[in-house]
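Observations on the model geometry
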Amino acid sequence: MFLLSSTYSQELKLWYNKPAAKWTEALPIGNGRIGAMIFGGIERDRIQFNEETLWTGEPREYNRKGAYKYLPQIRQLLLEGAQKEAEALAEKEFMGLKSSEGKNDDWIKKMTATKEFASSNFDDSQWKNMQVPSYEGWEAAGFEGLDGAVWLRTNFDLPASWQGKDLVLDLNRIRDLDHTYINGKLVGSMESTEPRKYKIPKDVLVKGRNIIAVQVLNFFDKGGIAGYKDTSRHIGIYPSDNEASKLSLNASWKYFIQDDSPPAVPRYQADYQPFGDLWLNFKTTNARDYRR
């Protein structure tokens, strides 16, 4: 049996010469049911703690009935190298139940019932401006904490040489679900992390000014038209046979927040929550040689 010497074990201790200033500098204690972060203050100490029963959400059923029946099929798909198919089947039939499954359908239906903001005749002159795109989400463009349904509008003048041609609208990534319109006509909709390149039929276009309207439904975290991580690549519009002539749409777009309270995102696991802070005040004022 290997025994760790007392001298060596002392060397494995972490020592600090001042109290923690932020949570990540505090030191943890716990027993598996309750845990705490000790800040080590002298005149005033802070103990931030949590307890195993405190979570977000509400009590619910986690188990998916009959899931075991799909295990052999999932294993077979993996053996055959069909990773994507195996993951899709596991997501649909094998994984535990998410919270609030299906509860956002009514909200999406309600949001998408409104199409007046897509019309080329709609007056958006009273709307404010938002810089588009923003790869780190519209949060990075001054809209911290924004989730929900947001309309974005801009316009472009159709070059004479493009008349009578089908165009491509390249917006790259959008978070999370979009409905994209040209002159009031829906040209594309996706809910994924895949790039958006929508074909614009020539009969949707008009001479002169054309209106682009995008309804973005963002459920959680970063939202909006993300565009490209490489900011030298612009979102834009171009003839299907000539991408090199792309007309940049990196600009200040008009925006309107239709609803900033989307339903909670369905999740497998709730968030473990902090229970509170315990503050201890001491009369000591002449401490020296601090060591934590």
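Heads up: these notes are all about the structure in this document.

Criteria and thresholds
Residues numbered from 1 in each chain as written. Predicted model: local features only at pLDDT ≥ 70, side-chain atom pairs only at ≥ 80, totals over all residues. Heavy atoms only, no water. Helix = DSSP H or I, 4+ residues; strand = E, 2+ residues; numbered from the N terminus. Buried < 20%, exposed > 50% of the residue type's maximum accessible area, 1.4 Å probe, protein only. Pairing = 2+ DSSP bridges. Axes fitted to C-alpha atoms, helices over the stretch in contact; angles between N-to-C directions. Core = buried A, V, L, I, M, F, W, Y, C linked by side-chain atoms within 4.5 Å. Contact = heavy atoms within 4.5 Å. Parallel < 35°, antiparallel > 145°, perpendicular 65-115°, else oblique. Left-handed = near helix turned anticlockwise from the far one by under 90°. Nonpolar A, V, L, I, M, F, W, Y, C, P; charged D, E, K, R; others polar. Arc of directions from axis to C-beta.

1. As for unusual backbone geometry
- The linkage connecting Val132 with the following residue, Pro133, adopts the cis geometry, with an omega of 0 degrees.
- Checked against the element boundaries, Pro133 lands in the loop between β4 (128-132) and β5 (148-158).
- The linkage connecting Arg175 with the following residue, Asp176, adopts the cis geometry, with an omega of 5 degrees.
- With a phi angle near 50 degrees, Asn183 is a residue other than glycine that sits in the positive phi range.
- Considering the arrangement of structural elements, one finds Asn183 in the loop between β7 (177-182) and β8 (185-191).
- With a phi close to 55 degrees, Asp289 is a non-glycine residue in the positive phi region.
- With a relative accessible area of 66%, Asp289 lands in the exposed category.

2. Notes on the sheet that holds strand β1 (residues 27-30)
- A sheet is described by the order of its strands in space; here four strands give the open sequence β1-β2-β3-β15, paired in antiparallel fashion. A single partner strand is all that each edge strand has here, and the edge strands are β1 and β15 (276-281). On average, each strand axis in the sheet is inclined to that of its neighbour by 25 degrees, with strand direction left out of account.
- Here strand β3 (residues 44-51) pairs with β15 via six bridges, running antiparallel. By the bridge assignment for β15, Ile47 is matched with Leu278.

3. Describing the nonpolar core
- Counting 29 residues, the largest nonpolar core has Ile225 and Trp253 as its most contacted members.
- Going through the elements one at a time, β4, β5, β6 (167-175), β9 (196-200), β10 (208-218) and β14 (251-259) are the ones with two or more residues in this core.
- For Ile225, the residues in contact, after removing those within four places along its chain, are Val132, Pro133, Ser134, Leu152, Leu171, Arg173, Ile174, Val214, Val216, Ile235 and Trp253.

4. Here's the deal with the environment of Ser252
- Inspection of the secondary structure assignment puts Ser252 in strand β14.
- For Ser252, a relative accessible area of 42% gives the class partly exposed.
- As for Ser252 and Asn17, which are separated by 235 residues in sequence, their C-alpha atoms are 50 Å apart.
- Setting aside residues up to four positions removed in sequence, Ser252 forms contacts with Asn129, Met130 and Gln131.

5. Notes on the packing of helix α2 (residues 71-79) against helix α3 (residues 83-94)
- Close contact between α2 and α3 brings their axes to 8 Å; oriented N to C, the two are set at 165 degrees. If you check the angle between α2 and α3, you find them roughly antiparallel. When the axes of α2 and α3 are compared, the crossing they make is left-handed. Where α2 approaches α3, its residues Leu71, Gln73, Ile74, Leu77 and Leu78 are matched on the opposing element by Gln83, Glu85, Ala86, Leu89, Ala90 and Phe94.
- Across the contact of α2 with α3, the residue classes break down as eight nonpolar, two polar and one charged.

6. What about the environment of Ala251?
- For Ala251, the position within the fold is in strand β14.
- Residue class for Ala251 comes out partly exposed when judged on its relative accessible area of 30%.
- Along the primary structure Ala251 and Thr154 are separated by 97 residues, whereas in three dimensions their C-alpha atoms are 8.6 Å apart.
- Apart from the residues within four sequence positions on either side, Ala251 is in contact with Met130, Gln131 and Val132.

7. A look at helix α4 (residues 105-112)
- Every buried residue of α4 is accounted for by Trp107, Ile108, Met111 and Thr112. Burial along α4 is one-sided: seen end-on, the buried residues are contained in an arc of 120 degrees. Turned more than 90 degrees off the buried face of α4, the exposed positions are Asp106, Lys109 and Lys110.
- Close packing links the buried residues of α4 with β5, β7, β10 and β14.

Spatial relationships are all this shows, so hold off on functional conclusions.
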